[in-house]
Amino acid sequence: MASEQRLIVMAGTDERDLTRLAEYEAIDGYSALQKARGMTPQAVIDDVIASELRGRGGAFFPTGRKWSFVPKPEQNPNPHYVVVNADESEPGSFKDNEIMSRVPHRFLEGCLIAAHAIESKNVFVYIRGEYTGPYEILLAALKELEGRPDLRGDVTIVLHRGAGAYICGEETALLESLEGKRGQPRTKPPFPAGQGLYASPTVVNNVETLATLPPIIEMGGAEYAKLGVPDSRGTRVVSISGHVERPGNYEIENGTSLRELIYDLGGGIPGGRDLKAVIPGGSSTVILKGDEIDVGYDFNSLLKLNTAMGSAGVVALDDRCCMVQLGIRISEFYEHESCGKCTPCREGTRWMTQILRRLESGEALQSELDLLLDVCDRINGKCLCPLGETAAVAVASYVEKFRGEFSAHVEQGGCPFGDASPLHDVLAPVAMGGHLPSAVPV
Amino acid sequence: MSATETVTLTIDGVAVEVPKGTGLVEAALAAGIEIPVFCYEPRLGPAVGACRMCLCQIEPGPPKPQAACTLTAQDGMVVRTALTSAVAADAQNATLEFILVNHPLDCPVCDKGGECPLQDLTFRYGPGNTRMTFPKRTFEKPIPVSPLIALDRERCILCYRCTRFSEGVAEDGQLVAVDRGAGTMIATFGDEPYRAPFSGNVIELCPVGALTSTTYRFEARPWEILDVPTVCGMCPVGCNVNATTREGNVKRILSRNHPEVDDGWLCDKGRFSYAHLHAEDRVCDPILRVRRRGFEEVSWERALDEAERLLREANGRIVTALSGSETIEEAYALGKLLRRGLGAHTAFFPEESSDALDAFRVPLSAIRDADVVAVLGDAPVVERAPIVELWIKEARRRGARVLYELDEEAVRGAETAILVWCGPGGHGGATVAVLAQRLGLSGAFYIPETANGRGVCDAWSCSDDAESASPDPIGLLIVSGDEAAANPDVRALAEKAERVLVISMFQGLAAGWADLVLPGTSYLERDGTYINLEGRVQRLRRTVIPPVPDELAWISKLAERFDVELSPYPALVFEEVSAIAFGGIPFGEIGERSPLPAATGASAQIELGEADGPAVDGGLRLVRYRPLFSGPAVERVHELDFQRPQPEAELSEEDARSLGVRNGEEITIRSNGTSVRLRARLSRELRPGVVRVSDDFAGELKPAVEISK
Amino acid sequence: MSTYYEEVQEIKAQYPDGRSAALPALRLAQEKHGYLSPEALRECADALGTTPALCEAVASFYDMLHLAPTGRHIVEVCTNVSCALVGAQQVLESFEQELGIRAGETTDDGEVTLRPIECLGGCGWATVVSIDHHYRTHVKPADVPAIVQELRSGE
Ligand SMILES: Cc1cc2nc3c(=O)[nH]c(=O)nc-3n(C[C@H](O)[C@H](O)[C@H](O)COP(=O)(O)O)c2cc1C
Ligand code: SF4
Ligand code: FES
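Values in this document were obtained by computation on a predicted structure and should not be read as measured data. (Residues numbered from 1 in each chain as written. Chains lettered and ligands numbered in written order. Predicted model: local features only at pLDDT ≥ 70, side-chain atom pairs only at ≥ 80, totals over all residues. Heavy atoms only, no water.)

Engineer: Explanation requested: the packing of helix H8 (residues 328-342) of chain B against helix H14 (residues 453-462) of chain B in the structure shown.
Structural biologist: How two helices pack is summed up by the angle between their axes together with the distance between the axes. All names here are of chain B. As a packed pair, H8 and H14 sit with axes 8 Å apart at the nearest point and diverge in direction by 30 degrees. Between H8 and H14 the crossing geometry is right-handed. Taking contact as the criterion, the partners of Ile328, Ala331, Tyr332, Leu334, Gly335, Leu338, Arg339 and Arg340 in H8 are, on H14, Gly455, Val456, Ala459, Trp460, Ser461 and Cys462. A per-class count over the contact of H8 with H14 returns 9 nonpolar, 3 polar and 2 charged. (Axes fitted to C-alpha atoms, helices over the stretch in contact; angles between N-to-C directions. Helix = DSSP H or I, 4+ residues; strand = E, 2+ residues; numbered from the N terminus. Left-handed = near helix turned anticlockwise from the far one by under 90°. Contact = heavy atoms within 4.5 Å. Nonpolar A, V, L, I, M, F, W, Y, C, P; charged D, E, K, R; others polar.)

Given below as structure tokens:
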């Protein structure tokens with residue numbers, strides 16, 4: 001596969017300012033919507049099934065199939081809702097940020113296509129609270145759309161801003177938050193398709209998933225399915241960050257090799273350093289060692305290495321980085337973002353952080369390494385939602401793949417890298433206690 | 001009737017057949033297997049799956065263990081609990097280890113010790129030692145959540161039972177979880193207390209010692225206590241309770257779930273009022289007015305002589321003012337003594353009572369399953385019969401339409417419609433029965449003001465059948481019980497009576513106006529029966545020996561002096577009443593959870609009383625009500641002081657809108673030259689045209705009022 | 001100009017269930033009162049038709065809602081992995097030096113609150129610093145004095 005971008009979602013951005021409706025229409029924007037509206041809702045769903053599009057939010061669930069679980073209005077007369085997951089908060093991912101900022105109309109067009117497919121009149125875009133920039137751009141785009149009843153039809157789109165909580169990216173937590181509650185995940189079943197927002201039929205889709213719909217409808221599902229590799233069709237907007245020369249978002253065909261992503265598109269490791277490790281799909285994925293990058297960036301290839309594309313956030317780490325420090329910072333993140341509903345995640349992520357800090361400081365015994373793995377194991381598979389589980393799996397993978405380095409911390413009574421590692425002594429929000437003044441920090 | 005559909009599943013190798021829709025926890029119980037739980041409590045709504053204590057291996061399903069509490073039994077399901085699955089056992093052990101990471105393990109000084117699910121489950125499934133290498137999270141403790149409830153955050157395992165109760169059952173929104181992750185804490189708003197009528201339930205819901213009762217703290221260990229099953233006597237609902245006693249003292253009141261009556265909830269009045277047994281002004285010896293010298297305590301022998309003398313001297317010109325809190329047996333005994341022995345037939349009842357509604361008798365739990373619930377009468381249900389309010393709330397959550405104004409079309413159109421009458425104009429249920437008949441209702445309730453008004457009235461009328469006359473002047477007024485003693489109408493009668501005999505628990509209520517005070521007892525000290533607002537006959541059990549002889553004991557002694565045969569044993573007295581009024585059911589068969597007698601056929605004719613409430617043109621109609629937290633017993637429990645009503649006036653949302661009044665704004669309510677200033681509280685539980693204020697703040701206001709900002 | 005109460009009613013009207021207006025209503029209350037003081041929460045509760053306790057429960061769950069006073073400006077430095085790899089900690093420390101406070105604190109004059117924050121979703125443009133919820137990207141320690149100067153001079 002060629003190490004170049006393939007612009008489908010981002011098509012046209014290289015030449016035009018597509019934030020403006022006129023510019024977007026100049027490249028046939030919203031024609032896919034008109035085409036979809038000429039089709040029956042079922043035909044749209046079928047075409048999306050044919051495209052083999054799978055969700056870009058992280059779980060990679062087939063989009064058309066998800067829609068087909070939504071009861072028809074005659075089966076469930078409650079209003080149907082399209083809820084957009086624009087809460088992008090996974091460390092390493094910033095693709096939805098760029099998609100909303102640069103192709104807001106394509107994204108809104110996708111929302112309207114999805115609304116048509118599941119016969120919904122209400123779209124709620126849950127956009128993370130920190131994204132002021134994208135919010136303002138979307139708001140402006142929405143204003144333009146308001147003036148165009150021919151495009152908007154009888155669908156209302158409401159932008160709903162989050163207020164700072166990673167867990168609200170989990171779809172049921174997002175729904176709780178959208179209902180005005182604390183963003184704690186719900187147990188599944190029932191699934192949102194049947195009982196989602198206000199206990200009504202609901203589809204939750206990621207920004208990129210929706211922004212991919214116009215091109216799919218335009219070219220036809222079958223045509224789209226020719227892109228990419230089996231089980232991972234089409235393109236993906238990949239966020240590349242960390243130790244690369246040219247960090248940024250790149251839209252690639254699925255299956256492009258990770259090495260090309262890092263070395264060609266990303267421009268390689270700065271300062272001619274060695275690549276030590278790669279987080280392939282955002283902080284919640286199993287880490288890859290520097291020599292494991294000759295792998296296609298697609299579902300099946302990564303699965304063979306026990307990892308995943310996740311939210312497509314590729315983070316490269318060079319040879320100065322301490323993996324215990326990485327573990328601390330990631331564990332601190334999950335501890336801070338744990339919603340606190342289920343026991344293993346709430347207590348376990350905090351415990352993980354504590355052990356990792358002891359390891360880094362050299363106080364830990366060798367047995368605590370196995371204790372750490374055991375704590376991870378006891379979190380994994382026991383939680384209510386994937387947050388706790390992915391925290392455990394990700395951190396456990398650092399230990400498993402860099403065990404020698406972890407042991408060295410015990411043996412040397414401290415960190416072999418010390419402050420040479422860029423992750424040394426980074427201040428994380430959780431280290432400052434909760435954000436309520438009355439919470440007692442430890 | 002079609003048989004309920006069932007499913008068959010296997011739990012730890014045991015096959016069980018259960019009705020479709022049964023939760024796995026209950027299905028396992030049916031197979032004799034325990035799936036341990038903390039957060040699971042079906043009365044709190046759908047399972048939340050938070051604590052992860054119930055993890056089991058379940059097929060079909062993902063390979064990882066699943067939260068059994070969130071699943072329902074399916075045909076062919078294979079469930080393996082910790083008993084037969086290493087995966088489940090490991091998961092449960094893991095959950096306990098995680099819970100204990102930050103739990104202080106201060107069991108020796110914890111009130112919950114000995115009756116603590118966490119302790120029990122740790123014993124059964126938990127890790128034997130700790131693998132922690134860092135300090136536990138600590139919190140300031142204990143924190144008063146209110147004068148009634150203490151919170152120890154270190155012990156909290158964040159099962160969210162208490163907050164789910166507050167938000168989803170009581171709907172008071174006072175007790176919440178704040179912050180998130182490992183920093184999550186249970187809290188009220190700022191320093192404000194958890195002020196709500198049902199707050200105490202969270203103590204019982206808490207599966208550990210995090211929420212404890214301030215009045216029970218450090219009072220007893222579970223192995224020293226004795227629970228006595230009885231019925232609450234504080235309101236007409238008659239919640240089933242256990243009185244925890246230690247060495248002859250009531251230490252706390254717990255619910256004893258009657259699923260048709262209370263569903264396991266209690267109001268704070270019922271839960272915390274028991275301290276009135278030890279009121280400072282409790283009357284322990286009879287008190288006699290002695291000419292010129294005032295009052296003096298006398299022996300029981302002397303007191304009975306005096307009582308006999310008063311009775312004889314009155315020459316039949318006796319009026320008995322009843323409280324509605326006497327047991328059926330007491331009321332019957334009084335009636336028999338006075339009516340048969342002295343021909344004194346006149347009684348003053350605190351309220352009207354009628355059997356007209358027996359034709360529409362359904363259990364309170366039927367409210368939950370109704371499609372339409374019409375709540376009429378304008379007085380706040382929660383203040384009179386708090387648990388009924390919880391049933392109504394649950395009905396609403398389940399999708400029922402709750403009407404506060406009679407919408408006949410909606411009522412007739414509903415498959416099951418239930419009427420709840422609370423307020424003036426119900427005529428003891430008679431008017432309500434007329435309505436119920438006319439509208440073809442599935443069930444109807446009339447909420448009286450007293451706990452056993454109906455029982456007392458029935459018992460009195462069973463005791464003799466002569467007509468009553470109105471003696472004038474009254475030779476002797478007998479005031480039976482504290483509610484009667486506190487009743488201004490009774491006080492007015494006393495002014496007109498030559499002599500007054502008061503039966504009272506409290507000196508403060510009886511002293512000064514009685515010629516003779518005989519010590520009274522509390523519902524917690526009596527054996528006997530009550531009839532609740534459903535028409536259910538329930539057993540009161542003596543939970544502790546009172547410091548004074550109970551009423552039945554001395555009434556029967558007195559009866560002897562008038563040649564009236566009266567047993568001092570409630571069982572025997574009940575049998576006399578029962579033969580007349582309750583179809584002869586024996587005392588012993590009432591049982592701990594008494595059944596509701598079947599509805600009787602509709603009364604041939606129901607006499608309609610006068611129209612309800614005074615008509616008010618133009619302005620609004622003021623409904624004043626007696627607040628829940630009031631009355632002689634409550635006033636003697638200082639921990640309950642903070643629950644007294646707030647200076648508020650309830651307005652319907654519509655009236656508020658047309659007056660331009662917002663929730664929380666100060667308003668002036670005016671009538672006939674007087675006015676009060678109160679905070680407005682918008683209520684969707686009020687029909688337009690009515691404003692509601694508790695007696696505490698209604699001042700001199702008349703029924704017709706005007707409101708301005 | 002419409003009052004806070006009216007604004008909240010308008011927001012509520014956008015949703016099938018007015019309770020959904022909780023986050024926007026809290027955000028507005030915070031803007032009006034500076035932070036979510038007890039009065040702010042009470043006002044919010046009255047407008048939403050709920051209790052202050054439930055408002056606090058919701059507010060305290062989210063990082064962007066503040067239950068304690070903050071400075072007039074909020075500087076948030078992302079210290080998650082991608083930013084940390086290219087020097088976020090040094091950027092944070094430069095702010096500490098320049099402002100004369102530790103992370104988590106507010107300057108004595110009540111102008112600026114500094115805090116580290118979790119991933120802001122700008123990993124490729126590290127280090128990302130959010131100033132009053134507007135992103136500055138590619139921030140280096142050397143850029144910090146100018147940014148602080150800008151804040152201090154009021155715009
Ligand atoms: C902890 C957690 C965080 C998540 N965050 C996001 C997110 O920020 N954006 C997103 O689109 N999906 C996120 N997801 C995935 C969503 O739950 C859900 O699968 C997705 O929104 C579905 O959309 P899609 O099918 O279009 O991918 C997250 C999941 C978890 C468990
Ligand atoms: S896994 Fe973590 S984030 Fe998910 S429900 Fe449990 S506590 Fe909340
Ligand atoms: S009992 Fe099932 S998760 Fe708590």
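Read on, since the account is not over.
Engineer: Looking at this structure, how should I read helix H6 (residues 88-99) of chain C?
Structural biologist: Each α-helix turn comprises 3.6 residues. Residues three or four places apart therefore point the same way. All names here are of chain C. For H6, spanning 12 residues, the distance from its first C-alpha to its last is 16 Å, which sits close to the expected 16 Å at 1.5 Å a residue. For H6, the set of buried residues is Ala88, Gln89, Val91, Leu92, Ser94, Phe95, Glu96 and Leu99. Lining the buried residues of H6 we find strand S1 (73-78), helix H5 (81-85), strand S2 (112-117), strand S3 (129-131) and helix H7 (144-152). Just beyond H6, the residue with positive phi is glycine 100, at close to 70 degrees. (Expected span 1.5 Å × (residues − 1). Buried < 20%, exposed > 50% of the residue type's maximum accessible area, 1.4 Å probe, protein only.)

Engineer: Help me understand the site of ligand 1, please; the structure alone is not making it clear to me.
Structural biologist: Residues and elements named next belong to chain A. The full set close to ligand 1 counts 19 residues, and Gly57, Asn85, Asn205, Asn206 and Thr209 are the nearest of them. Contact between ligand 1 and asparagine 85: an oxygen atom at 2.8 Å from a side-chain N or O atom of the residue. In this structure, an oxygen atom belonging to ligand 1 sits 3.3 Å away from a main-chain N or O atom of glutamate 88. Bound to the protein, ligand 1 loses 90% of the 600 Å² it would expose on its own. Elements with a minimum of two residues in the shell around ligand 1: strand S4 (202-206) and helix H18 (386-401). The residue inventory of the shell around ligand 1, partitioned by class, reads 5 nonpolar, 8 polar and 6 charged. (Near = heavy atom within 4 Å. Polar contact = N/O pair within 3.5 Å; in protein donor to acceptor, adjacent residues only side chain to side chain. Areas by Shrake-Rupley, 256 points an atom, 1.4 Å probe, with all protein chains shown as cover.)

Engineer: Help me understand the domain arrangement of chain C, please; the structure alone is not making it clear to me.
Structural biologist: The figure often quoted for interface size is the accessible area lost as the parts come together. Domain annotation of chain C identifies domain 1 (4-61) and domain 2 (73-153). Placing a centre on the C-alpha atoms of domain 1 of chain C and another on those of domain 2 of chain C gives a separation of 29 Å. (Domains from an automatic or database assignment.)

Engineer: Just checking my understanding: could you explain the interface of chain A and chain B for this structure?
Structural biologist: On the side of chain B, 40 residues touch chain A, which itself brings 39 residues to the contact. At the boundary of chain A with chain B, total buried surface from both sides reaches about 3500 Å², with 54% on carbon and sulfur atoms. It is Trp351, Arg378 and Lys382 of chain A in chain A that bury the most area against chain B; as a group they hold 22% of the surface buried on that side. Where chain A meets chain B, there are 6 salt bridges. The partner of aspartate 374 of chain A in a salt bridge is arginine 131 of chain B, and the shortest N-O contact between them spans 2.7 Å. Connecting chain A to chain B are 22 residue pairs in polar contact (both at pLDDT 80 or more). Those elements giving two or more residues to the side of chain A that touches chain B turn out to be helix H15 (323-337), helix H16 (343-361) and helix H17 (367-379) of chain A. (Buried area = accessible area lost by both parts, 1.4 Å probe. Salt bridge = Lys/Arg side-chain N within 4 Å of Asp/Glu carboxyl O.)

Engineer: What is the right way to look at the interface of chain A and chain C in this model?
Structural biologist: Contacts between the two partners involve 65 residues from chain A, matched on the other side by 45 residues from chain C. Carbon and sulfur atoms supply 61% of the area that chain A and chain C bury against each other, a total of about 4400 Å² over both sides. The dominant element in the side of chain A that touches chain C, judged by the number of residues it contributes, is H15 of chain A, at 7 residues. Its residues assigned to classes, the side of chain A that touches chain C shows 32 nonpolar, 20 polar and 13 charged.

Engineer: What exactly am I supposed to notice about the sheet that holds S4 of chain A here?
Structural biologist: Think of a sheet as strands paired side by side through backbone hydrogen bonds, with each pair either parallel or antiparallel. Residues and elements named next belong to chain A. Pairing is parallel in the open sheet, where 4 strands are placed in the order S3-S2-S1-S4. This sheet does not close on itself; its edge strands, each paired only once, are strand S3 (156-161) and S4. With strand direction ignored, the average angle separating the axes of adjacent strands in the sheet is 20 degrees. As defined by bridge partners, strand S1 (residues 81-86) adjoins S4 across 5 bridges and the pair is classed as parallel. Bridging from a neighbouring strand, asparagine 85 pairs with asparagine 206 of S4. (Pairing = 2+ DSSP bridges.)

Engineer: Help me out: how do you make sense of the pattern of salt bridges in this one?
Structural biologist: Close approach of charged atoms allows side chains with opposite charge to pair. On inspection of all chains with the given rule, the structure shows 100 salt bridges over all chains. A salt bridge links lysine 188 of chain A to glutamate 171 of chain A; its shortest N-O distance comes to 2.9 Å. Here the residue lysine 188 of chain A occupies a position in the loop between helix H9 (171-178) and S4, and glutamate 171 of chain A occupies one in helix H9, the gap between them amounting to 17 residues. By relative accessible area, which is 34% here, lysine 188 of chain A ends up partly exposed. In this structure, glutamate 313 of chain B engages arginine 309 of chain B in a salt bridge whose closest nitrogen and oxygen atoms are separated by 3.1 Å. Of this pair, glutamate 313 of chain B and arginine 309 of chain B both sit in helix H7 (residues 300-314), 4 residues apart, which is roughly one turn of that helix. By relative accessible area, which is 46% here, glutamate 313 of chain B ends up partly exposed. Each of Asp374 and Arg378 of chain A together with Asp90, Glu97 and Arg131 of chain B takes part in salt bridges that share partners, so that together they form one network.

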